[in-house]
Amino acid sequence: MVLLDFIRVTLLTSIVVDGAIQSIRPEDLKGYNKICHSLTSEPYFEKSLAVESTWTVYYSWNLDLSNTCPELSFHYPDDTAINRIYSQMHRYMQTEPPWSEAVFEITMEGRRMLLFNDPSGIQGRFQGVPLIEDNEFDFAFKSTKIPLLEMSIKFLEGGKYLISSSCHVGGGSALAVRRKGRPKKAEIDAVAAAYDFGKRFPTCIKEW
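Here the structure is a predicted model, which means the values were calculated and not measured. (Residues numbered from 1 in each chain as written. Predicted model: local features only at pLDDT ≥ 70, side-chain atom pairs only at ≥ 80, totals over all residues. Heavy atoms only, no water.)

A. Looking closely at the nonpolar core. Counting residues in hydrophobic clusters, the biggest one holds 22 residues, and the most contacted among them are Phe74, Phe104, Leu115, Phe126 and Ile153. Counting only elements with at least two residues in this core, the list comes to α4 (47–51), β1 (54–61), β2 (71–75), β3 (104–108), β4 (111–117), β6 (149–156) and β8 (173–178). A total of 4 residues in this core trace back to one element, the largest contributor, which is β6. By size, the runner-up hydrophobic cluster in this structure holds 15 residues, among which are Tyr161, Ile163, Val177 and Ala192. (Core = buried A, V, L, I, M, F, W, Y, C linked by side-chain atoms within 4.5 Å. Buried < 20%, exposed > 50% of the residue type's maximum accessible area, 1.4 Å probe, protein only. Helix = DSSP H or I, 4+ residues; strand = E, 2+ residues; numbered from the N terminus.)

The following block contains the structure:
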């Protein structure tokens, strides 16, 4: 499954690599909004922690990323980054964000997305606009305009882990770990097991 399929149903980033397999059950979809907002009931998100590291996804919920090993990076967007996504995406959006107020550009496997603070003002809650090329948009969405993608992101254990969840569609969630200084597998397993977000899938299996 390519990026555009993933955007249809979720995530963390609404960005994913080629080869991921959609595996979402109807029963997993019912509580996705509750799951997403539960992450920010006790929010913990600091911009400096996000941009200091590259993050590797080791678990996903309700989406099988197969044996991919996606890496996620946060960057402060400059005018060039904002204009690149604005010029491509503004005509495809149901609602346009305040483009000049973008707080992050996320990159993942060559894909990009701008994040904006959610109007609620809740720490760690964001709206996103992914960069989708014309040919990809025509294939995935036909003439349908897309909404702003809503998500929640929270740091765990002082910033050792990052957990994110889609608030908008599908209920996809992901647990990522700093690439540098990765904890042992048993520790990552224990953190993932504490979250009952639906069907859980390990990723990056070959590295384990």
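The rest of the description comes next.
B. Seen up close, the pairing of strand β5 (residues 125–130). Burial within β5 is extensive, with 6 of its 6 residues counted as buried. Side chains of β5 alternate between two faces, with Arg125, Gln127 and Val129 and Phe126, Gly128 and Pro130 buried alike. Bridging between β5 and β6 involves 4 bridges; their strand directions are antiparallel. For Gly128, the partnering residue across the bridge sits in β6 and is Leu149. (Pairing = 2+ DSSP bridges.)

C. A look at the pairing of β1. In terms of burial, β1 is a largely internal element, 8 of the 8 residues being buried. In the sheet, β1 pairs with β8 via 6 bridges, with the strands oriented antiparallel. Residue pairing across strands places Tyr59 opposite Leu175, the latter belonging to β8. As paired strands, β1 and strand β9 (residues 200–202) are joined by 3 bridges and run antiparallel to one another. Its bridge partner being in β9, Trp61 is matched across the sheet by Arg200.

D. A look at unusual backbone geometry. Positive phi outside glycine occurs at Glu157, with the angle close to 50°. Tracing the backbone shows Glu157 in the loop between β6 and β7 (161–166).

E. Expanded view of the packing of aromatic side chains. One pass over the structure, following the stated rule, counts 12 aromatic pairs. A centroid spacing of 5.3 Å and a plane angle of 75° characterise the contact between Phe74 and Phe104, whose relative ring orientation is edge-to-face. Of this pair, Phe74 sits in strand β2 while Phe104 is found in strand β3, placing the two residues 30 residues apart along the sequence. The exposure classification of Phe74 matches that of Phe104, with both residues buried. With a centroid separation of 5.3 Å and 80° between ring planes, the pair formed by Tyr86 and Trp99 is classed as edge-to-face. (Phe/Tyr/Trp six-rings, centres within 6.5 Å; stacked < 30°, edge-to-face > 60°.)

Just geometry here; none of it tells us what the structure is for.
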